[in-house]
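These are the residues of each chain, in order.
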Amino acid sequence: GAGVSQSPSNKVTEKGKDVELRCDPISGHTALYWYRQSLGQGLEFLIYFQGNSAPDKSGLPSDRFSAERTGGSVSTLTIQRTQQEDSAVYLCASSRAGAYGYTFGSGTRLTVV
Amino acid sequence: GESVGLHLPTLSVQEGDNSIINCAYSNSASDYFIWYKQESGKGPQFIIDIRSNMDKRQGQRVTVLLNKTVKHLSLQIAATQPGDSAVYFCAERAGGFKTIFGAGTRLFVKA
């Protein structure tokens, strides 16, 4: 597509429930990134996918967080047993291999109540 | 640990004036720097970048300056417009892929 698409744009969930966040990167972009942005804060790196290589999961805050990327395109970030501190905007970005600038989606605002 | 921070959390300027947003970084191994603009409800948008072998780069109404001696980065916006109101992030990369973002500076443009 023309840009990075994320869905849903907003998600309200009850504490303890699982959630799935989706990212459709720009066609042809082999690199995909997930970041988290808490209110009024900068961007916290979560995970990185590049082509068929093993993802770098070093930024995932706990084992409740996982992500996959199917067919080198769409990615899903899953948060199990959500906690209130998981409330944030989850941003996805993609780039061409070797390109350093990212194109971000508009994010998914997650609220855990 | 590695960090990228900003000197001023908020900046208010008059429409038509020039804006300067500053950023300090701590990793002397960083070789690539980027400025992003984030408007309310949107993801960050790439503005301009600079590699460590340069000290200045110009775009349309924007200039990035890099001073490696003092590990300082700045974004200059000429003739600031209301549409420039946003949060601006500096970011750095020390090889590889991982980009470290600063906390952001909010720019207010007064009409």
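Worth saying up front: this structure is predicted, and the values here are computed from it rather than measured. Counting restarts for each chain: residues are numbered from 1 in the order of the written sequence. Lettering for chains starts from A, numbering for ligands starts from 1, and both go in the order in which the items are written. Residue-level local features of this predicted model are given only where pLDDT is at least 70; pairs of side-chain atoms are given and counted only at 80 or more, and the full residue set underlies all totals for whole chains, interfaces and linings. The basis for every side-chain value is the complete set of non-hydrogen atoms in the structure, without hydrogens or water.

### Focus on the state of the cysteines
All names here are of chain A.
Piece 1. Our working definition of a disulfide is a cysteine sulfur pair at a distance within 2.5 Å. A full pass over the atoms with the stated rule returns two disulfides over all chains.
Piece 2. Here cysteine 23 pairs with cysteine 92 through a disulfide, and the sulfurs are 1.9 Å apart. Measuring handedness by torsion sign, the sulfur bridge of cysteine 23 and cysteine 92 sits at about -65 degrees and is left-handed. Pair noted here: cysteine 23 is in strand E3 (residues 19–24) and cysteine 92 is in strand E8 (residues 88–95), with a separation of 69 residues, a long-range link. A run of H or I in DSSP counts as a helix once it spans at least four residues, and a run of E counts as a strand once it spans at least two, with each numbered from the N terminus.

### Describing the interface of chain B and chain A
Piece 1. Residue contacts follow a heavy-atom distance rule, with two residues in contact if any of their heavy atoms lie within 4.5 Å. The partner chain A presents 18 residues to the 18 residues of chain B that form the contact.
Piece 2. When two components associate, each loses some accessible surface as probed by a 1.4 Å sphere; the sum of these losses over both components is called the buried area. Both faces considered, chain B and chain A share a buried interface measuring about 1,500 Å² in area, 57% of it formed by carbon and sulfur atoms.
Piece 3. Put simply, a salt bridge is a Lys or Arg side-chain nitrogen that is within 4 Å of an Asp or Glu carboxyl oxygen. For the pair chain B and chain A, the interface holds zero salt bridges.
Piece 4. What qualifies as a polar contact is a pair of N or O atoms within 3.5 Å, subject to a donor-acceptor requirement within protein and to the restriction that residues adjacent in sequence count only when both atoms come from side chains. Counting every contact that joins chain B to chain A gives five residue pairs in polar contact (both at pLDDT 80 or more).
Piece 5. If you list the elements that add at least two residues to the side of chain B that touches chain A, you get strand E4 (32–38), strand E5 (45–51), strand E9 (86–93) and strand E10 (99–101) of chain B.
Piece 6. The element best represented in the side of chain B that touches chain A is E4 of chain B, accounting for three residues.

### So, the environment of valine 87 of chain B
Residues and elements named next belong to chain B.
Piece 1. Here valine 87 lies in strand E9.
Piece 2. Taking the C-alpha atoms as reference points, valine 87 and leucine 73, separated by 14 residues in sequence, lie 16 Å from one another.
Piece 3. Once you skip the residues sitting within four places of it in the chain, valine 87 turns out to touch Tyr36, Lys37, Gln38, Gly104, Thr105 and Arg106.

### Quick notes on unusual backbone geometry
Piece 1. The step from serine 7 of chain A to proline 8 of chain A runs through a cis peptide bond, and the omega angle for that step is -10 degrees.
Piece 2. Here proline 8 of chain A is to be found in the loop between strand E1 (5–7) and strand E2 (10–13).
Piece 3. Despite not being glycine, arginine 81 of chain A has its phi angle at roughly 50 degrees, a positive value.
Piece 4. The topology assignment puts arginine 81 of chain A in the loop between strand E7 (75–79) and E8.
Piece 5. Positive phi values are uncommon outside glycine, yet alanine 79 of chain B reaches one of about 50 degrees.

### Thoughts on the confidence of the model for chain B
Piece 1. Scored by pLDDT, chain B comes out at a mean of 90, with 93% of its residues at no less than 70.
Piece 2. Of all helices and strands in chain B, the one with the weakest mean pLDDT is strand E1 (residues 4–5) of chain B (50), whereas strand E7 (residues 62–67) of chain B scores best (98). Along the chain, pLDDT gives the predictor's confidence residue by residue, from 0 to 100.

### A word on the packing of aromatic side chains
Piece 1. Two aromatic rings from Phe, Tyr or Trp, using only the six-membered ring of Trp, form a pair when their centres are within 6.5 Å; if the ring planes differ by under 30 degrees the pair is stacked, by over 60 it is edge-to-face, and anything between is tilted. Evaluation of the coordinates by the stated rule reveals 12 aromatic pairs over all chains.
Piece 2. On the basis of an interplanar angle of 85 degrees and a centroid distance of 5.6 Å, the ring pair of phenylalanine 104 of chain A and tyrosine 36 of chain B is categorised as edge-to-face. Note that phenylalanine 104 of chain A is positioned in strand E9 (residues 103–104) and tyrosine 36 of chain B in strand E4, a pairing that runs across two chains. One exposure class covers both phenylalanine 104 of chain A and tyrosine 36 of chain B, and it is buried.
Piece 3. Of the aromatic side chains, those joined through ring pairs into one cluster are Tyr33, Tyr35, Phe45, Tyr48, Tyr102 and Phe104 of chain A together with Tyr36, Phe46 and Phe101 of chain B. Burial classification: accessible surface area is computed with a 1.4 Å probe over protein chains only, and a residue below 20% of its type maximum counts as buried, one above 50% as exposed, and the rest as partly exposed.

### Focus: the sheet that holds E7 of chain A
Residues and elements named next belong to chain A.
Piece 1. The criterion for strand pairing is that DSSP finds at least two bridges linking the strands in question. With antiparallel pairing, the four strands of this open sheet are ordered in space as E1-E3-E7-E6. Strands at the two margins of the open sheet, each flanked by one partner only, are E1 and strand E6 (65–69). For this sheet the average axis-to-axis angle between neighbouring strands, irrespective of direction, equals 15 degrees.
Piece 2. Pairing analysis gives five bridges linking E6 to E7, with the strands arranged antiparallel. Note that in E7 the partner of alanine 67 across the bridge is leucine 77. For helices, the fitted line uses only the C-alpha atoms of the stretch in contact; every axis is such a line through C-alpha atoms, and the angle between N-to-C directions lies from 0 to 180 degrees.

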